[in-house]
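Secondary and tertiary structure notes
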Amino acid sequence: MPFLIFATAVFCIIAVDIKERSVWRYDLVNSVVFLTIGIFSGYHVQKQKITSLIANKELRNEQAKYREALGHGAKYFFSADLTDDIVREPVTLNKDGFFEDFLPPGITYPTGYDRLSYYWAEGDRPEPVMDELSSRYNLLSSYEKGESMVEIEARVPSNDTYIKKTVLMTRNHETGHVLASVFVSDITSQRRKEMDLRRSLEKAKTEAEEANRAKTVFLANMSHDIRTPLNGIIGMTGIAEESVNDPDKVRDCLGKIRVSSDHLLSLANELLDINKIESGKDPIVNKVVYMRGFSKKCMDILHGYAVNRDLKLITDIQPLENEYAVTDENHLREILLNVLSNAVKYTPNGGSITLKARNEPREDGKTTDIIYVISDTGIGMNENFVPHIFESFSQESSGARSTYKGVGLGMSIVKKYTDMMGGTIDIESKKNAGTTVTLRFPLQMATAEQIEQFKKENSSRPGTDVAGLNILVAEDNDFNREIAHEFLENMGIAVIEACDGQEALDIFRNSAPFEFDCILMDIMMPEMDGLEATKQIRALSREDAGTVPIIAMTANSFDEDIQKCIEAGMNGHIPKPVEPERMKSIISQKVTKRS
């Protein structure tokens, strides 16, 4: 085309310069000029049309790809001319990726957009907002505002599902009409996932708020429950210091300091129990238990709880047909002792406490249910409080903390341990009349082989007389080292002290073989901890390095802590706070006196 225009122009110039200016030549020139202008104008018109067609085609291709993607996820779709309010082609149904035409009952084509858009199958009609927002009038209004896509979601009340209508709009540049592609999709699954996620987030938020409130309550309770016995200890210590010339007064103060100390220790133990349970560090460990001996120990402890109390204690323990069972002795004891201590604590003088035990063998002949019933004539509880008794720090009366020295953790521990052991617990209580707690646990009867092994492992030898022993004590804390030294000297034991693991190792390395009968080793110490010191002592090339009893004396009392001590080469474990009688018993069992 450019070449044709150029050639025509040159021809015109040549024609004008020709000397002979005849009419026919002049007419020829005019004709050629007008022809050139016409050709040039037509070129630009055609170029604009072609450019527009290309642009529209690219736009339609993009929209076609989007329509195809939407179509595969839609229940059905159709196209409409919104300007003329006309739908010329049938609705397309999507049946698992296969498409087919659908003619709604009572509708013939062509038909109006609103008439087709408002048609819904029986039971599929959504809430009115869907038809209102997707009406032809609202869609045209949205398009004029620059919105080429409109999405409306609504619930279908009849079947509690959710649908979404997506409308894609574009303008036909030739006719100026607004065209629409309409897709209707089932979004029930997506919406329910969103609702489930929202509920999960709301639940997590609620739990976080409750946890935060529980933490606040916990800190408030702990502040009270720790400060109360500490106040007794500090106060009575001050009074004793001022009364050094009054032995009876000092003795009275020391007794009250002991009571406050025991209460503080009980609180620490309960907190440790709760922490172990919630952190998963307190698993069930089943082993053979001699149930008659177990019951006797519980009864002895019950009588110990009631010392200096005017209480009537009644026990009725039915013996098991097979006295040996496989269960978690420590957890079972903890459960019973918590319930028994509550009975003693909340029963006034003059009342009574009854402990009954019976068993119900199961048909398999290998399992029996043991049932403990603990009842008292104490203060009882209101019936509406009973369901809350297993909640941490729950107490019916705020005054119970001061009057009965309780913190509200015992029954929470009982419930958690009972569930862990596959047991059940039922509580009946009446205000000012008493409480009855019924515990039921499934016990596996021990086999003959297990019983024989148990007897072999528990055949105790006579304890060693500890007087005259020579013991190395490794302890970094001055007070704890002094306490251990005094306890041991009162037993007639000679004591050598070390301030840390490295010093203990050096003292033992430089000692004569068999100079020390035993080593008491703290765990957390500077320079070298007790575990490493034990390993290095065991590795020494001397005949007593592998045989000298090494006993942990530590506040690390979790099961995994005890296991670490054993793995390091230790022979026993004395938990802090140290009790002299327990210390003496463990040393007596672990040490063999040289002749």
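A brief structural summary. Counting of residues starts from 1 at the beginning of each chain's written sequence and follows it residue by residue. Per-residue local features of the predicted model are confined to residues with pLDDT of at least 70, and side-chain atom pairs are confined, for both listing and counting, to 80 or more; whole-chain, interface and lining totals are unaffected and use all residues. Each side-chain value is worked out from all heavy atoms of the structure, with water and hydrogens disregarded.

Focus on helix α8 (residues 291-305)
- Secondary structure counts use DSSP, requiring at least four H or I residues in a row for a helix and at least two E residues in a row for a strand, with both numbered from the N terminus. Take the number of residues in a helix, subtract one, and multiply by 1.5 Å to get its expected span. With 15 residues, α8 extends 21 Å from end C-alpha to end C-alpha; this agrees with the ideal 21 Å at 1.5 Å per step.
- Summary of the burial criterion: residues with accessible area below 20% of their type's maximum are buried, those above 50% are exposed, and those between are partly exposed, where the area comes from a 1.4 Å probe applied to protein chains only. Every buried residue of α8 is listed here: Met291, Phe294, Ser295, Cys298, Met299 and Leu302. Seen along its axis, α8 keeps its buried residues to an arc of 135°; they face one direction. Note that the arc is computed from the directions linking the helix axis to the C-beta atoms.

Considerations on the sheet that holds strand β14 (residues 470-474)
- What makes two strands pair is DSSP finding at least two bridges between them. Pairing within the open sheet is parallel, and its 5 strands lie in the order β15-β14-β16-β17-β18. Among the strands making up the open sheet, the edge pair consists of β15 (494-498) and β18 (572-575). Direction aside, neighbouring strands of the sheet carry axes that sit 25° apart on average.
- Summarising the sheet, β14 and strand β16 (residues 518-521) pair through 4 bridges and their orientation is parallel. If you follow Leu472 over to β16, its bridge partner there is Ile519. Axis definition: a line fitted to C-alpha atoms, over the contacting stretch in the case of helices. Angles run 0 to 180 degrees between N-to-C directions.

Some words on the packing of α8 against helix α9 (residues 329-345)
- Between α8 and α9, the shortest axis-to-axis distance is 10 Å and the interhelical angle comes to 30°. If you check the angle between α8 and α9, you find them roughly parallel. Seen along the crossing, α8 lies across α9 with a hand that is right-handed. Here α8 contributes Met291, Phe294, Lys297, Cys298, Ile301, Leu302 and Tyr305 to the contact with α9, which in turn contributes Glu329, Leu332, Arg333, Leu336, Leu337, Leu340, Ser341 and Val344.
- The nonpolar class holds Ala, Val, Leu, Ile, Met, Phe, Trp, Tyr, Cys and Pro. Asp, Glu, Lys and Arg form the charged class, and all remaining residues, Gly among them, are polar. Residues that form the contact of α8 with α9 fall into these classes: 11 nonpolar, 1 polar and 3 charged. Roughly parallel refers to an angle under 35 degrees, roughly antiparallel to one over 145, roughly perpendicular to one between 65 and 115, and oblique to any angle outside these ranges. The crossing is said to be left-handed when, going from far helix to near helix, the turn is anticlockwise and less than a right angle, and right-handed when the turn is clockwise. Residue contacts follow a heavy-atom distance rule, with two residues in contact if any of their heavy atoms lie within 4.5 Å.

Section: a nonpolar patch on the surface
- On the surface, Ile226, Leu230 and Ile234 cluster together into a nonpolar patch covering about 250 Å² of accessible area.
- Mapped onto the elements, Ile234 comes out in helix α6 (residues 188-242).
- Under the relative-accessibility criterion, Ile234 is labelled exposed at 61%. Excluding any residue in a salt bridge, patches collect residues exceeding 30% relative accessible area, merging like charges within 9 Å and nonpolar Val, Leu, Ile, Met, Phe, Trp and Tyr side chains within 5 Å. Accessible areas in this description were obtained via Shrake-Rupley with a 1.4 Å probe; residue shielding takes into account the shown protein chains only. We define a salt bridge as a side-chain nitrogen of Lys or Arg found within 4 Å of a carboxyl oxygen belonging to Asp or Glu.

So, the packing of aromatic side chains
- Working definition: a ring pair exists when centres of Phe, Tyr or Trp rings (six-membered ring for Trp) sit within 6.5 Å. Plane angles under 30 degrees give stacked, over 60 give edge-to-face, the rest tilted. Overall, the coordinates contain 4 aromatic pairs when judged by the stated rule.
- Summarising the aromatic geometry, the rings of Phe78 and Tyr113 are spaced 6.2 Å apart at their centres and angled 45° between planes, so their arrangement reads as tilted. Here Phe78, found in strand β1 (residues 76-81), pairs with Tyr113, found in helix α3 (residues 113-117); they are 35 residues apart in sequence, far enough to count as distant.
- On the basis of relative accessibility, which here comes to 5%, the residue Phe78 falls in the buried class.
- Cluster of aromatic residues (ring-pair linked, three or more members): Tyr290, Tyr324 and Phe454.
- Two limits define a charge over a ring: the Lys NZ or Arg CZ must be within 6 Å of the ring centre, and within 35 degrees of the ring normal. In this arrangement the basic side chain of Lys415 is found over the ring face of Phe390, its NZ or CZ atom lying 5.6 Å from the centre.
- Over the ring of Phe508 we find Arg542, and its NZ or CZ is 4.3 Å from the ring centre.

Some words on the sheet that holds strand β3 (residues 98-102)
- Across the sheet, 6 strands lie side by side as β3-β2-β1-β6-β5-β4; this open sheet has antiparallel pairing. The sheet is open, and its two borders are formed by β3 and β4 (149-156), each paired with just one other strand. Neighbour to neighbour, the strand axes of the sheet diverge by 20° on average, direction disregarded.
- Here 5 bridges tie strand β2 (residues 91-95) to β3, and the two strands are oriented antiparallel to one another. Counted as the bridge partner of Thr92 is Asp101 from β3.
- Against the sheet, helix α5 (residues 136-144) contacts β4, β5 (161-171) and β6 (178-186), and its axis sits at roughly 55° relative to β5.

What about unusual backbone geometry?
- Going from Tyr109 to Pro110, the amide bond is cis rather than trans, its omega being -5°.
- Tracing the backbone shows Pro110 in the loop between β3 and α3.
- Between Lys576 and Pro577 the backbone carries a cis peptide bond, its omega angle lying at 0°.
- Residue position: Pro577 is located in the loop between β18 and α17 (580-590).
- Positioned with a positive phi, Asn432 is a non-glycine residue whose angle comes to about 65°.
- Here Asn432 shows up in the loop between β12 (424-430) and β13 (434-445).

Some details on the side chain of Arg542
- Take Arg542: it is sitting in the loop between α15 (530-538) and β17 (550-554).
- Residue class for Arg542 comes out buried when judged on its relative accessible area of 17%.
- In protein, a polar contact means a hydrogen-donor-capable atom and an acceptor-capable atom, both N or O and within 3.5 Å, with residues adjacent in sequence counting only if both atoms are side-chain atoms; elsewhere, any N or O pair within 3.5 Å suffices. Engagement of the side chain of Arg542 in a polar contact is seen with the backbone oxygen of Phe508, the distance being 2.5 Å.
- Excluding anything up to four places from it in sequence, Arg542 contacts Phe508, Arg509, Asn510, Ser511, Ala512, Pro513 and Phe514.

A few points about the nonpolar core
- For this analysis, a nonpolar core means a set of buried residues of the types Ala, Val, Leu, Ile, Met, Phe, Trp, Tyr and Cys, connected via side-chain atoms within 4.5 Å. Counting 43 residues, the largest nonpolar core has Met291, Phe294, Tyr372, Ile374, Ile427, Leu439 and Phe441 as its most contacted members.
- Looking at this core, the elements with two or more residues in it are α7 (247-278), α8, α9, β10 (352-361), β11 (367-376), α11 (410-420), β12 and β13.
- If sequence neighbours within four positions are ignored, Met291 has contacts with Leu320, Glu323, Ala325, Leu332, Ile370, Tyr372 and Leu443.
- Among the nonpolar cores identified, the runner-up in size contains 25 residues, and Ala80, Trp120, Ile163 and Val184 belong to it.

What about the pattern of salt bridges?
- The tally for this structure, following the rule as stated, stands at 25 salt bridges.
- Between Glu151 and Lys164 there is a salt bridge, and its shortest N-O distance comes to 3.5 Å. Here Lys164 lies in strand β5 and Glu151 lies in strand β4, a separation of 13 residues in the sequence.
- Residue classification places Lys164 among the buried positions, given a relative accessible area of 17%.
- A salt bridge links Asp196 to Arg199; the shortest N-O distance between them is 2.4 Å. Of this pair, Asp196 and Arg199 both sit in helix α6, separated by 3 residues, roughly a single helical turn.
- Looking at Asp196, the relative accessible area reads 39%, which means it is partly exposed.
- Salt bridges sharing common partners tie together Arg358, Glu360, Arg362, Asp369 and Arg440.

Section: α15
- Those residues of α15 that sit buried are Gly530, Leu531, Ala533, Thr534 and Ile537. All buried residues of α15 fall inside an arc of 165° around its axis, so they share one side.
- Those residues of α15 hidden inside the fold are in contact with α14 (501-509), β16, β17 and α16 (559-568).
- A distance of 3.0 Å separates the backbone nitrogen of Leu531 from a side-chain oxygen at the start of α15, and that oxygen is part of Asp529.

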